Structures are given as C-alpha cells and as structure tokens.
Amino acid sequence: SPAHVGAQQPGMTGQAKEDILARFGELGARSVNGRLRFAPRLLRRSELLDAPHAFGYLALDGTPETWDLPAGSMAFTLCQVPVCYRLGDAPAIELERRDGSVERVAGADLAIEASAAIFGRRGTYRRITVTVRSDDLLPDGRDAAS
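Predicted, not measured: the structure shown is a model, and the values here were computed from it.

1. A short note on the overall build of the chain
For the chain, the helix and strand inventory stands at 3 helices and 9 strands. Counted from the first residue to the last, the chain has its helices and strands arranged as α-β-β-β-β-β-β-β-β-α-β-α. Buried residues in the chain amount to 31% of all 146 residues. Taking the intrachain contacts of the chain between residues at least 6 apart in sequence as the baseline, contacts between residues at least 24 apart amount to 57%.

Printed below as a string of structure tokens:
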C-alpha cells in the first residue's frame, strides 16, 4: 500500500510475501534479541556486481537518491536504509550518519540502540556498508553442482 494511505485490498499474495521473506533470509539481515545481524550465508558470490552501478532507492522522506556502488558489491534497503555488501577480509559494519560522520563496528552485529534507530526509521543513518568475507558466501551455481 502507498505510504500516505492505510492498507488497501487486494494485498500481496502469499507467494509474494514468501518470496520477500525468503530473499531477506538469503541476504542474512535479521534481528537477534533486538540486534540487527548481517550474516549472508545463503547469498551467492555471483550475485555481486561485476561492474560499478548506481543503486537507486527512496530515502525516508520519499526523495529519490542514488548510491554509486563499486564492482564486487550489492545493495538492498532495510527499513528504507540502503545497505551495501562488499567483500573484505573480516566482517565489519560502517554506519554513515545523516551528518556525514561514520561509526565503525567490528563483526556482523549492531548495538541495540543502532538497531532500534534503523527499525524505528528515525533517520539517524543515511546508509550502511557491511563487509563480508567471500568464504562466507555460497559458491556460484555451476560450482555447487559439481
């Protein structure tokens, strides 16, 4: 349903809801005891971009924005906050605040306060960059079949 009105019928089909929930499972973004965790164990390496790409999304205030993503990354939105997965040596999270400052977190879990700000759509964070290890991703489809 549009943001400016209540729920309208017909709604999403059960299959569409199932597909969305399954995709978030693949992306590995979930809440554990109120803390946002990024663990994309079901994401395939082949889903990362081969070339740079401009990722378009709607900001919390409804304005269209873009984020220039590098090759070897991918993005999605979570509670209207864009999240970029990129490859690196160790799991880490960078939270870019609205004022441009950056919080760095070692590991794959956010603090409860940061998680609540994202879940509550407070507008605290402009975007999130999550570093994931290539070894934590699934092999490409043709590699998994062999």
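Anyway, onward from the coordinates.
2. Here we look at the sheet that holds strand E7 (residues 92-97)
Pairing within the open sheet is mixed, and its 5 strands lie in the order E5-E6-E9-E7-E8. What marks the edges here is a single partner per strand, and that holds for strand E5 (73-78) and strand E8 (102-106). Here the average twist between neighbouring strands, direction ignored, is 20 degrees. Pairing geometry for E5 and strand E6 (residues 81-87), over 6 bridges, is antiparallel. Within E6, the residue paired with threonine 77 across the bridge is proline 82. In the packing of helix H2 (residues 112-119) onto the sheet, contacts are made with E5, E6, E7 and strand E9 (125-132), and the angle to E9 comes to roughly 125 degrees.

3. Focus: the pairing of strand E3 (residues 53-58)
Sheet topology places E3 next to strand E4 (residues 64-69); 6 bridges connect them, and they run antiparallel. Looking at E4, one finds that alanine 54 is bridged to aspartate 68. Here E3 folds back onto E4, and the loop between the two strands holds 5 residues, one of which, glycine 62, carries a positive phi near 90 degrees.

4. Some points on H2
Within the sequence span of H2, burial applies to Ala114, Ser115, Ala117 and Ile118. Angular distribution of buried residues about the axis of H2 spans 160 degrees; they occupy a single face of the element. Just past H2, the residue arginine 121 takes up positive phi, approximately 50 degrees.

5. Comments concerning the packing of aromatic side chains
For the coordinates displayed, the defined rule picks out 3 aromatic pairs. Aromatic pair phenylalanine 38 and tyrosine 85: ring centres 6.3 Å apart, planes at 85 degrees, arrangement edge-to-face. With a gap of 47 residues between them, phenylalanine 38 in strand E2 (residues 35-38) and tyrosine 85 in strand E6 connect regions that are remote in the sequence. Residues phenylalanine 76 and tyrosine 85 carry aromatic rings whose centres are separated by 5.3 Å and whose planes lie at 75 degrees to one another, so their mutual orientation is edge-to-face. Look at tyrosine 85 and you get buried, because its relative accessible area is 0%.

6. Here's the deal with the nonpolar core
With 24 residues, the main nonpolar core has Phe38, Val83, Tyr85, Leu110, Ile118, Ile128 and Val130 as its most contacted residues. When residues of this core are traced back to their parent elements, those giving at least two are E2, E5, E6, E7, H2 and E9. Among the elements that make up this core, the one with the highest residue count is E9 (4 residues). Leaving out residues up to four positions away in the same chain, isoleucine 118 has contacts with Leu36, Leu78, Cys79, Val81, Leu95, Leu110, Tyr125 and Ile128.

7. Concerning the side chain of threonine 131
With respect to the helices and strands, threonine 131 occurs in strand E9. Residue threonine 131 is classed as buried on the basis of its relative accessible area of 10%. Polar side-chain contacts of threonine 131 include one of 3.2 Å to the side chain of arginine 86. Those residues within four positions of threonine 131 in sequence are excluded, and the remaining contacts are Arg86, Leu87, Gly88, Asp89, Ala90, Pro91 and Ala92.

Rules used throughout
- Residues numbered from 1 in each chain as written.
- Predicted model: local features only at pLDDT ≥ 70, side-chain atom pairs only at ≥ 80, totals over all residues.
- Heavy atoms only, no water.
- Helix = DSSP H or I, 4+ residues; strand = E, 2+ residues; numbered from the N terminus.
- Buried < 20%, exposed > 50% of the residue type's maximum accessible area, 1.4 Å probe, protein only.
- Contact = heavy atoms within 4.5 Å.
- Pairing = 2+ DSSP bridges.
- Axes fitted to C-alpha atoms, helices over the stretch in contact; angles between N-to-C directions.
- Arc of directions from axis to C-beta.
- Phe/Tyr/Trp six-rings, centres within 6.5 Å; stacked < 30°, edge-to-face > 60°.
- Core = buried A, V, L, I, M, F, W, Y, C linked by side-chain atoms within 4.5 Å.
- Polar contact = N/O pair within 3.5 Å; in protein donor to acceptor, adjacent residues only side chain to side chain.

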